[in-house]
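Structural overview
Take a look at the letters that make up each chain.
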Amino acid sequence: MRLTISITSALLCVLALALAGCGGPQTPPPKTGGDVAKPTGGGGGGGGDPVATPAPPPVPAREVSEDAKGDFAKAVKKYEAARKGGNLKGSCADLASAFGRIFDSHPKIPEAKLNEGVLWEACGDAAKAEQAYNAVLSKHPNYGPALNNLGVLYFTRGNVDQAQSYFKKAADLKDSSGYANLAVFQRNQALSNPGLVAEAINNIHRALAVDSFNIEAYGTLALVLYDHAKTRSQLEMARLICVQATKVDDKYSPVYNLLGLILLRMQRVTPALAEFRKAASLNPNFLEAHMNIGAVTLSFRDYKSAEESFAKVLTLNPEKKTKVEALVGLGVAYRGQKKFAEAMKKYEEAKALDPANVDIVYNMGILLQDYTFDAAVPAKGIATLQQAAGLLQTYASSGKNSEKVK
């Protein structure tokens, strides 16, 4: 089954300028991947008892002119109107430039330039986003949200060491997202090195000490408990953390996906499916949720629902491994609806991507042997059985002893 807790960018700042910086709940970009979130690096944050972690020191109030506040408020109002009107992407350049101009005129407002970068990033222009974040740091070198967001950009490009360096710098400045993203790194490492679990949890606590509404920190905490749960009571604790997270932000889809996985391990399959569907309804492009819906509905023999889920995954440009899994799942869903030619076509597409995958060969053999054999035409039937026997022999020769249809 699939899960995602994402490396996250700081949210576009819409807070009052009297506040010192940009905080609050954050909206992560969806991430693909399998059983671990993407990063593979490690390290970060200091040790110690998370309960004893001191609160961040108070930041002196800034002197911001009324003109600056008014300009910022107008840009935020324009952003909100575009977002509510569904025209955010069409307004990217205009909105980003508006925040950039505010920073040019009022350089004491790093939030304005951060917002420019967040908008460029959300609209797919990572190069301009990076320029904006670097421009913030040229005048405010200790601005944690910009350091964190640069880390996200480097992480997205696959440079996990550089990403981790930025997250560490952000965390050293008591940035909640920096702590949370370090915890994701450590969580992934802890899957093979349980000794890192404590430090991951420490950084989660630090993230929440700085920002008690950091939804990603809640999600990562539940995920760490889920990873290492050995008893039902430990799973129940992870479940309750997810429930608490939904009270902090009831629109954060990865928590519902994780909640579904926890419920599956508790053998509560129907409620788990409801959570996966909730995740997909909140984010229609949430690949992992659609994969989970497909897997569960296949087990229910709800082949039409499984078809819809796996077909949706294939529209989301999945990585190769996921694409193969979705193609095979779609083939099984077609087979269950007696669409045998369509099923074989999907198996063949999967095999073309991964020729060494004997599970695909097995499914092809079963389809030929049990579903397309035609005894009414002996010559054709014999040829079909011979083809099926060859495929199943290939599977048997691989040394696998499980006849599990994927």
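First, a word on what this report is: a plain description of the structure on this page. Remember, predicted model here, so these are calculated numbers, not experimental data.

Next up on the list: the pattern of salt bridges. Within the structure shown, the criterion is met by 14 salt bridges. With a shortest N-O distance of 2.8 Å, E116 and K113 are connected by a salt bridge. Taken as a pair, E116 and K113 lie in helix α3 (residues 110–122) at a separation of 3 residues, close to a single helical turn. For the pair shown, E116 and K113 are each scored as buried. With a closest N to O distance of 3.9 Å, E307 and K339 form a salt bridge. Taken together, the residues E307 in helix α14 (residues 303–314) and K339 in the loop between α15 (320–336) and α16 (340–353) connect sequence positions 32 residues apart. With relative accessibility at 27%, the residue K339 sits in the partly exposed group. Within this structure, K304, E307 and K339 form a network of salt bridges that share partners.

The next subject is the packing of aromatic side chains. In this structure the tally under the stated criterion is 5 aromatic pairs. For the pair F72 and F99, a centre-to-centre distance of 5.8 Å together with 65 degrees between the ring planes defines the contact as edge-to-face. One end of the pair, F72, is in helix α1 (residues 66–84); the other, F99, is in helix α2 (residues 92–105), with 27 residues separating them in the sequence. In terms of burial, F72 and F99 fall into one category: buried. Plain terms: the ring middles of Y154 and Y166 are 5.5 Å apart, the flat faces sit at 20 degrees to each other, and that makes the pair stacked. With a gap of 12 residues between them, Y154 in helix α5 (residues 144–156) and Y166 in helix α6 (residues 160–172) connect regions that are remote in the sequence.

Parameters and conventions
Numbers given to residues run from 1 along each chain, matching the order in which its sequence is written. Under the rules for a predicted model, residues below a pLDDT of 70 receive no local features and side-chain atom pairs below 80 are neither given nor counted, while totals for whole chains, interfaces and linings still include all residues. Hydrogens and water molecules were not included; the side-chain quantities draw on all heavy atoms of the structure. We define a salt bridge as a side-chain nitrogen of Lys or Arg found within 4 Å of a carboxyl oxygen belonging to Asp or Glu. A run of H or I in DSSP counts as a helix once it spans at least four residues, and a run of E counts as a strand once it spans at least two, with each numbered from the N terminus. Partly exposed describes any residue whose relative accessible area lies between the buried limit of under 20% and the exposed limit of over 50%, with all areas from a 1.4 Å probe on protein chains only and scaled to the type maximum. Here a pair means two rings of Phe, Tyr or Trp (six-membered ring of Trp) with centres within 6.5 Å. Their orientation is stacked below 30 degrees between planes, edge-to-face above 60, and tilted elsewhere.

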